[in-house]
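# Observations on the three-dimensional arrangement
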Amino acid sequence: DAKTTQPTSMDCAEGRAANLPCNHSTISGNEYVYWYRQIHSQGPQYIIHGLKNNETNEMASLIITEDRKSSTLILPHATLRDTAVYYCIVRVRGSNYKLTFGKGTLLTVNP
Amino acid sequence: GAGVSQSPRYKVAKRGQDVALRCDPISGHVSLFWYQQALGQGPEFLTYFQNEAQLDKSGLPSDRFFAERPEGSVSTLKIQRTQQEDSAVYLCASSSTKQGALPYEQYFGPGTRLTVT
């Protein structure tokens with residue numbers, strides 16, 4: 001699976017949009033981008049995934065650049081409960097079922 | 001509608017003791033995973049079950065670690081002769097689809113925090 005690079009930490013004001021970047025410059029054509037988050041003392045939680053089109057669900061939006069070398073997870077209106085470590089993971093469809101986590105980005109939402 | 005549950009939530013073991021960690025996946029989920037998470041790090045894969053078959057145990061750090069899922073539902077991770085470096089959070093995850101299926105999400109339990117003294 002392609003390696004990902006994320007900032008170690010970010011801050012965001014409550015109510016504002018949080019934009020979390022991820023670099024995956026070696027991504028292959030059949031690799032998906034996944035985002036998970038881990039709130040303190042809990043297990044990771046799936047947020048969203050995409051291949052090349054932008055995706056949106058009730059939790060977040062995922063913007064993938066046209067060359068697929070980077071992506072941004074957007075939390076449109078961050079709340080204090082969104083404070084967590086966010087992991088960007090790239091994995092091949094089907095052939096590699098396990099998740100390979102990096103260190104992720106610690107997002108702190110401030111009041 | 002319960003999620004993945006794990007027990008115990010916290011375990012303190014003296015060095016050299018054996019421990020058993022339990023995972024109850026979401027009912028009907030075919031795939032089950034164990035991960036180990038050291039302090040300040042992301043989770044690392046340990047092993048994978050599809051129903052009762054252990055298809056991948058490449059992440060188990062030593063032969064002191066053993067996992068089973070005899071009836072394709074509940075799973076147990078056993079660590080023999082625990083060492084201080086085994087101190088970590090052990091996470092279990094389950095998924096409704098098999099290896100090779102469409103991209104899917106894994107549902108994680110809250111983890112068991114193991115402290116070896």
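Structure's up top.
Attention in this report is confined to the structure presented alongside it.

Cut-offs and rules
The written sequence of each chain sets the order in which its residues are numbered from 1. Here the convention is simple: chains get letters from A, ligands get numbers from 1, in the order in which they are written. Per-residue local features are limited, in this predicted model, to residues with pLDDT of at least 70; the limit for side-chain atom pairs, both in listing and counting, is 80 or more; totals at the level of whole chains, interfaces and linings are taken over all residues. Neither water nor hydrogens contribute to the side-chain values; these are computed over all heavy atoms in the structure. Helical segments are the DSSP runs of H or I of at least four residues, strand segments are the runs of E of at least two, and each set is numbered from the N terminus. To get the radius of gyration, use the C-alpha atoms; to get the globule rule, take the number of residues to the power 0.38 and multiply by 2.2 Å. In this description, contact between two residues means that some pair of their heavy atoms is separated by no more than 4.5 Å. Residue-level accessible areas treat just the shown protein chains as cover; the underlying method is Shrake-Rupley with a 1.4 Å probe. Positive charges are assigned to Lys and Arg, negative charges to Asp and Glu, while His and the chain termini are left out of the count. By convention, the point assigned to a charge is CZ for Arg, NZ for Lys, CD for Glu and CG for Asp. Only strands joined by at least two bridges in the DSSP assignment are considered to pair. Note on classification: 1.4 Å probe, protein chains only; a residue is buried when its accessible area is under 20% of the maximum for its type, exposed when over 50%, partly exposed between these limits. Throughout this description, a polar contact denotes any pair of N or O atoms lying within 3.5 Å of each other; where both atoms belong to protein, one of them has to be capable of donating a hydrogen while the other can accept it, and for residues adjacent in sequence the pair is counted only when both atoms sit in side chains. Throughout this description, the term salt bridge denotes a Lys or Arg side-chain nitrogen within 4 Å of a carboxyl oxygen of Asp or Glu. Note on geometry: axes are C-alpha line fits, over the in-contact stretch for helices, and angles between N-to-C directions span 0 to 180 degrees.

## Observations concerning the overall build of chain A
- Helix and strand counts for chain A come out as zero helices and nine strands.
- Walking chain A from its N terminus toward its C terminus, one meets helices and strands in the order β-β-β-β-β-β-β-β-β.
- In summary, chain A has a C-alpha radius of gyration of 13 Å against a globular reference of 13 Å for 111 residues, a match within 12%.
- A fraction of 57% describes how many contacts in chain A between residues 6 or more apart in sequence connect residues 24 or more apart.
- With the model as given, the accessible surface of chain A reaches about 5,600 Å², and the carbon-plus-sulfur share is 48%.
- Looking at charge distribution, chain A has the averaged site of its 11 positive side-chain charges lying 6 Å from that of its 9 negative ones.

## Some thoughts on the sheet that holds strand S7 (residues 70–75) of chain A
All names here are of chain A.
- Reading across from one edge, S2-S7-S6-S5 is the order of the four strands in this open sheet, with antiparallel pairing throughout. The strands lining the two open edges of the sheet, one partner per strand, are strand S2 (18–23) and strand S5 (55–56).
- By the bridge criterion, two bridges tie S5 to strand S6 (residues 61–64) in an arrangement that is antiparallel. Residue Glu55 lies in a different strand from S6, and its bridge partner there is Leu62.

## Let's talk about unusual backbone geometry
- Omega for the bond connecting Ser7(B) with Pro8(B) falls within 30 degrees of zero, at -10°, which places this linkage in the cis form.
- Within the chain, Arg68(A) stands out as a residue other than glycine whose phi angle is a positive 65°.
- Structurally, Arg68(A) can be placed in the loop between S6 and S7.
- Owing to a relative accessible area of 10%, Arg68(A) belongs among the buried residues under this scheme.
- With a phi angle near 55°, Asn51(B) is a residue other than glycine that sits in the positive phi range.
- For Asn51(B), a relative accessible area of 30% puts it in the partly exposed group.

## Let's talk about the side chain of Thr4(A)
Residues and elements named next belong to chain A.
- In this fold, Thr4 is placed in the segment before strand S1 (9–13).
- Among the polar contacts listed, one links the side chain of Thr4 to the backbone oxygen of Cys88, at a separation of 3.2 Å.
- In this structure Thr4 touches Cys22, Asn23, His24, Cys88 and Val90, once residues within four positions along its chain are discounted.

## A few points about the pattern of salt bridges
Residue and element names in this part refer to chain B.
- For the structure shown, the criterion picks out five salt bridges over all chains.
- In this structure, the salt-bridge partner of Arg22 is Asp24, at a minimum N-O distance of 2.7 Å.
- Taking the relative accessible area as the measure of exposure, Asp24 reaches 21% and is therefore partly exposed.
- We note a salt bridge from Glu68 to Lys78, for which the minimum N-O separation is 3.4 Å.

## Observations concerning the sheet that holds strand S4 (residues 45–50) of chain A
All names here are of chain A.
- Strand order in the open sheet formed by five strands is S1-S9-S8-S3-S4, with mixed pairing between adjacent strands. The sheet is open, and its two borders are formed by S1 and S4, each paired with just one other strand. Each strand of the sheet is rotated relative to its neighbour by a mean of 25°, with strand direction disregarded.

## Thoughts on the side chain of Arg69(B)
Residue and element names in this part refer to chain B.
- With respect to the element layout, Arg69 can be found in the loop between strand S7 (65–68) and strand S8 (75–79).
- Among buried Asp, Glu, Lys and Arg side chains, Arg69 stands out as unpaired, with Glu52 the closest opposite charge at 7.1 Å.
- At a separation of 2.9 Å, a polar atom in the side chain of Arg69 contacts the main-chain carbonyl oxygen of His29.
- Within the structure, Arg69 has its side chain in polar contact with the backbone oxygen of Asn51 (distance 3.1 Å).

## A few points about the environment of Ala2(B)
All names here are of chain B.
- Within the secondary structure layout, Ala2 lies in the segment before strand S1 (5–7).
- Take Ala2: its relative accessible area is 62%, and that puts it in the exposed class.
- As for Ala2 and Asp24, which are separated by 22 residues in sequence, their C-alpha atoms are 9.8 Å apart.

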